[in-house]
Amino acid sequence: MESVEVLKNAFGGAHMWYQGTVADVTEEQANTVPPGVTHPIGGLMAHILHCEDFMINQVILGKPPLWERDGWKERVGGEMMLDEDVDTARAYTCNLPAMLDYGQAVIANTEAFLAELKTSDLDRELNLVPLGFPNNMTAGVFLTTMLLGNTYAHTGEISCLKGSLGKKGYPF
């Protein structure tokens, strides 16, 4: 299997897990602030989607994210949550229907990006140090380790938080 095909399958899996996990979340659950310093489900959803939108559009493609370009900031509300700051995430109020719609747009955008991706694109070095990363890396390494890892890791957190609210976490 070619590397781009592997990426398409990996993102398909990450999106399936994410969408299945958040499918039955209510607005009340999305905005429940857990004890300690844990981030609420809605803040984690925003972080997952904002990172995918920003990293693919801004960092890799060099164009504005959907959040700005297509007016999602006004429809969903709030600022992009890329850094996962504790205070910001815990204060975030999730407009769940709008966030779910934004998620569909982000996933469609990623699928379109992957449909055009060439194997040679994966070797392009990305300038990540100005964004706070410790070093630059290739697009392929960035997509597989940073972006996919982010989605899978935070989807797991959402699943755990659902369990703490008495709900089934993952969709299976």
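Scope of this entry: the structure provided in the associated data block. (Residues numbered from 1 in each chain as written. Predicted model: local features only at pLDDT ≥ 70, side-chain atom pairs only at ≥ 80, totals over all residues. Heavy atoms only, no water.)

**Quick notes on the packing of helix α3 (residues 41–60) against helix α8 (residues 139–164)**
Reasoning step 1: Running from N to C, α3 and α8 point in directions that differ by 170°, and their axes come no closer than 9 Å. By the angle between their directions, the pair α3 and α8 is classed as roughly antiparallel. On α8, the residues that touch I41, L44, M45, H47, I48, C51, E52, M55, I56 and I60 of α3 are F142, L143, L147, N150, T151, H154, T155, E157, I158, L161 and K162.
Reasoning step 2: When the residues that make up the contact of α3 with α8 are grouped by side-chain class, the tally is 13 nonpolar, five polar and three charged. (Axes fitted to C-alpha atoms, helices over the stretch in contact; angles between N-to-C directions. Helix = DSSP H or I, 4+ residues; strand = E, 2+ residues; numbered from the N terminus. Parallel < 35°, antiparallel > 145°, perpendicular 65-115°, else oblique. Contact = heavy atoms within 4.5 Å. Nonpolar A, V, L, I, M, F, W, Y, C, P; charged D, E, K, R; others polar.)

**Description of the packing of aromatic side chains**
Reasoning step 1: This model, assessed by the stated rule, comprises six aromatic pairs.
Reasoning step 2: With centroids separated by 5.3 Å and ring planes inclined at 75°, the aromatic side chains of W17 and F172 adopt a geometry described as edge-to-face. In this pair, W17 is assigned in helix α1 (residues 3–22) and F172 in the segment after α8, connecting sequence segments 155 residues apart.
Reasoning step 3: Among the residues examined, W17 registers a relative accessible area of 30% and is labelled partly exposed.
Reasoning step 4: On the numbers, 5.9 Å between centres and 75° between planes, the contact of F133 with F142 is edge-to-face.
Reasoning step 5: Owing to a relative accessible area of 1%, F142 belongs among the buried residues under this scheme.
Reasoning step 6: Here the aromatic cluster, defined as three or more aromatic residues joined through ring pairs, consists of W17, Y170 and F172.
Reasoning step 7: For R75, the ring lying beneath its charged end belongs to W72, and the centroid distance is 3.8 Å. (Phe/Tyr/Trp six-rings, centres within 6.5 Å; stacked < 30°, edge-to-face > 60°. Buried < 20%, exposed > 50% of the residue type's maximum accessible area, 1.4 Å probe, protein only. Lys NZ or Arg CZ within 6 Å of the ring centre and 35° of its normal.)

**Digging into the layout of surface pockets**
Reasoning step 1: Taken as a whole, the largest pocket spans an internal volume of roughly 150 Å³.
Reasoning step 2: Lining the largest pocket, in full, are C51, F54, M55, L82, D83, L131, G132 and F133.
Reasoning step 3: Residue composition of the lining of the largest pocket, by class: six nonpolar, one polar and one charged. (1 Å grid on protein atoms, 1.4 Å probe; cavity = no way out; pocket = protein on both sides within 12 Å on 5 of 7 lines; lining within 4 Å. Points joined across faces, edges and corners; volume = space filled by probe spheres on them.)

**A look at the pattern of salt bridges**
Reasoning step 1: The tally for this structure, following the rule as stated, stands at four salt bridges.
Reasoning step 2: Close ionic contact of K162 with D24 constitutes a salt bridge, the shortest N to O distance being 2.6 Å. Here K162 is found in helix α8, whereas its partner D24 is found in the loop between α1 and α2 (27–30), with 138 residues between them in sequence.
Reasoning step 3: Look at K162 and you get buried, because its relative accessible area is 2%.
Reasoning step 4: Of the charged contacts in the structure, one is a salt bridge between R69 and D70, with a shortest N-O distance of 3.7 Å.
Reasoning step 5: With a relative accessible area of 37%, D70 lands in the partly exposed category.
Reasoning step 6: Residues participating in the shared-partner salt-bridge network are D24, K162 and K167. (Salt bridge = Lys/Arg side-chain N within 4 Å of Asp/Glu carboxyl O.)

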